[in-house]
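Topology and contacts: notes
One-letter residues, chain by chain:
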Amino acid sequence: MFSHDESKKIRQEFWTSFGKEFPHKWLLYNTKMKEVQLKFSFTRKFAMVSLDIVDQDEFIRSYYFEKLESLKSVLKESYLPEIRYEKDYELPEGKTISRIFVMKEGVNIHRQMDWPDVKEFLGKNMLKLEEFFEDFSDYIKN
């Protein structure tokens, strides 16, 4: 087990090295839609690239989720075949969001031997998710 400070240092080291190896200006929170964010996650159990609908108003979340669901076949066929959809995704802190995502399980941010595969997974899949988002953002927005 790692102390909180050791774990924090390892996470910082991973994300710093990821940024150096994949020097791309990621879209992430700059989607021009306050309800929609693109995210990277890497924990002791999995790595994930996701598009999160974070508005707490269930009607607004449903609106965006339904738009994304209508694009599911094109997203799977042309961008991310492994994409998963969850209308009610509960975050560890108990907050409910809607999320579409790809996940790599069985990896651990504390295990440096996992880092090369995870960096490749995160970089490759976020580029595809960003491409999809940019191609269809006008439709998703309106």
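Rules and cut-offs
Residues numbered from 1 in each chain as written. Predicted model: local features only at pLDDT ≥ 70, side-chain atom pairs only at ≥ 80, totals over all residues. Heavy atoms only, no water. Buried < 20%, exposed > 50% of the residue type's maximum accessible area, 1.4 Å probe, protein only. Helix = DSSP H or I, 4+ residues; strand = E, 2+ residues; numbered from the N terminus. Pairing = 2+ DSSP bridges. Axes fitted to C-alpha atoms, helices over the stretch in contact; angles between N-to-C directions. Parallel < 35°, antiparallel > 145°, perpendicular 65-115°, else oblique. Left-handed = near helix turned anticlockwise from the far one by under 90°. Contact = heavy atoms within 4.5 Å. Nonpolar A, V, L, I, M, F, W, Y, C, P; charged D, E, K, R; others polar. Salt bridge = Lys/Arg side-chain N within 4 Å of Asp/Glu carboxyl O. Expected span 1.5 Å × (residues − 1). Arc of directions from axis to C-beta.

1. Details of the pairing of strand β2 (residues 46-53)
- Counting buried positions along β2 yields 7 of 8 residues, so the element is predominantly enclosed.
- Sheet topology places strand β1 (residues 36-42) next to β2; 7 bridges connect them, and they run antiparallel. Note that in β2 the partner of K39 across the bridge is S50.
- The hairpin formed by β1 and β2 contains 3 residues between the paired strands.
- Both β2 and strand β4 (residues 96-105) contribute to a ladder of 8 bridges, which runs antiparallel. The residue of β4 that forms the bridge with I53 is S98.

2. Observations concerning the packing of helix α2 (residues 58-70) against helix α4 (residues 115-141)
- One way to put it is that α2 packs onto α4 with a least axis distance of 10 Å and a crossing angle of 125°. By the angle between their directions, the pair α2 and α4 is classed as oblique. The two elements α2 and α4 meet at a crossing, and its hand is right-handed. Here Y63, Y64, K67, L68 and S70 of α2 come into contact with α4, specifically with F132, Y139, I140 and K141.
- Each residue belonging to the contact of α2 with α4 can be placed in one class, and the counts come to 6 nonpolar, 1 polar and 2 charged.

3. Remarks on the pattern of salt bridges
- Scanning the model with the defined rule gives 4 salt bridges in all.
- With its nearest N and O atoms 2.7 Å apart, the salt bridge here joins R99 to D52. Here the residue R99 occupies a position in strand β4, and D52 occupies one in strand β2, the gap between them amounting to 47 residues.
- By relative accessible area, R99 is classed as buried at 6%.
- The closest approach of N and O atoms between R111 and D114, which form a salt bridge, is 2.7 Å.
- Judged by its relative accessible area of 33%, R111 is partly exposed.

4. Details of helix α1 (residues 4-21)
- Helix length check: α1, at 18 residues, gives a terminal C-alpha distance of 26 Å against a target of 26 Å (1.5 Å per residue), a fit within 8%.
- Three or more residues of α1 are buried, namely S7, I10, F14, S17 and F18. For α1, the arc enclosing every buried residue in end-on projection is 105°, short of the 170-degree limit, so these residues lie on one face. Residues of α1 that are exposed and angled more than 90 degrees away from the buried face: H4, D5, K9 and K20.

5. With respect to unusual backbone geometry
- Positive phi, close to 45°, is recorded for L28, a residue that is not glycine.
- Within the secondary structure layout, L28 lies in the loop between α1 and β1.
- Positive phi values are uncommon outside glycine, yet K32 reaches one of about 70°.
- The topology assignment puts K32 in the loop between α1 and β1.
- Classification of K32 by relative accessible area gives exposed; the value is 73%.

Geometric descriptors of this kind do not, in isolation, establish any biological role.
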